[in-house]
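Residues per chain, in single letters:
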Amino acid sequence: MLIKPHEVQQVSNEVINMLHDEEIEIINSFYDAVVAKDIEKIDELFKVVLFDVEDHFQTEEEMMKQNNYTNYQVHKNDHDTMREKIAKFFERWLVLKSPLELQDFLETDFKKWLVLHVSKWDSEMALHLGHAM
Ligand SMILES: [Fe+2]
Ligand SMILES: [Fe+2]
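Residues numbered from 1 in each chain as written. Chains lettered and ligands numbered in written order. Predicted model: local features only at pLDDT ≥ 70, side-chain atom pairs only at ≥ 80, totals over all residues.

The positions that UniProt labels "domain: Hemerythrin-like" (unreviewed entry) are, in the present scheme, residues 15-125. Its end C-alpha atoms 12 Å apart, residues 15-125 is made of 91% helix and 0% strand. (UniProt positions renumbered as here; feature names shortened; annotations may be inferred. Helix = DSSP H or I, 4+ residues; strand = E, 2+ residues; numbered from the N terminus.)

Listed below in structure tokens is the structure:
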């Protein structure tokens, strides 16, 4: 397990918390396949990760736009940075098939990014949106 659910802060919006719970679950399955160096499983789950991350980011971005949220652009920029990284690692995976590279990325970069991003940007956005959504 890469990310224990309590390591990612709960925010004041249940839709966002659900997106995060789902992502933690998918990332943890992906991480298990990476550690086990199960190439076929990584191939399969990497696509699920790409889809889920996009769904997570897009849903938040739609919520921000609908609510004319002031920090939309900075928040989206932080998503875009991670979108680019994941896309880059996916391209590299297709060529190199290196589970070690993915393990390093997940442990040293992705996990830290997610924990910080949620505590900084998502929690602030959730406060702005309130509990209504
Ligand atoms: Fe989020
Ligand atoms: Fe976010």
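Next comes the rest of the account.
Grouped together as the largest cluster of nonpolar side chains are 25 residues, with contacts concentrated most on Phe30 and Val34. If you list the elements that add at least two residues to this core, you get α1 (14-35), α2 (39-66) and α4 (99-129). A per-element tally of this core places α4 first, with nine residues. (Core = buried A, V, L, I, M, F, W, Y, C linked by C-beta atoms within 7 Å. Buried ≥ 20, exposed ≤ 12 C-beta atoms within 10 Å, placed from the backbone.)

One can describe the packing of α1 onto α2 by two numbers: an axis separation of 10 Å at closest approach and a directional angle of 160°. Here α1 lies roughly antiparallel to α2, going by the angle between them. Considering how the two elements wind past one another, α1 and α2 form a crossing that is left-handed. Note on element contacts: α2 touches α1 through Lys41, Ile42, Leu45, Phe46, Val48, Val49, Asp52, His56, Thr59 and Glu60, opposite Ile16, Leu19, Glu22, Glu23, Ile26, Ile27, Ser29, Phe30, Ala33 and Val34. (Axes fitted to C-alpha atoms, helices over the stretch in contact; angles between N-to-C directions. Parallel < 35°, antiparallel > 145°, perpendicular 65-115°, else oblique. Left-handed = near helix turned anticlockwise from the far one by under 90°. Contact = placed C-beta atoms within 7 Å.)

Between its first and last C-alpha, α2 extends 40 Å over 28 residues, near the 40 Å set by a 1.5 Å rise per residue. Listing the buried residues of α2 in full gives Ile42, Leu45, Val49, Val53, His56, Glu60, Met63 and Met64. Contacts made by the buried residues of α2 are with α1, α3 (72-96) and α4. Where α2 ends, the next residue or the one after it, Asn68, has phi of about 45°, a positive value. (Expected span 1.5 Å × (residues − 1).)

All right, on to unusual backbone geometry then. The phi angle of most residues is negative, glycine excepted, and most peptide bonds adopt the trans form. Unlike most non-glycine residues, Lys37 shows phi in positive territory, near 55°. Tracing the sequence through the fold places Lys37 in the loop between α1 and α2. The class for Lys37 is partly exposed, based on 14 C-beta atoms found within 10 Å. Even without glycine at this site, Lys97 takes up a positive phi of about 50°. When you line up the elements, Lys97 lands in the loop between α3 and α4.

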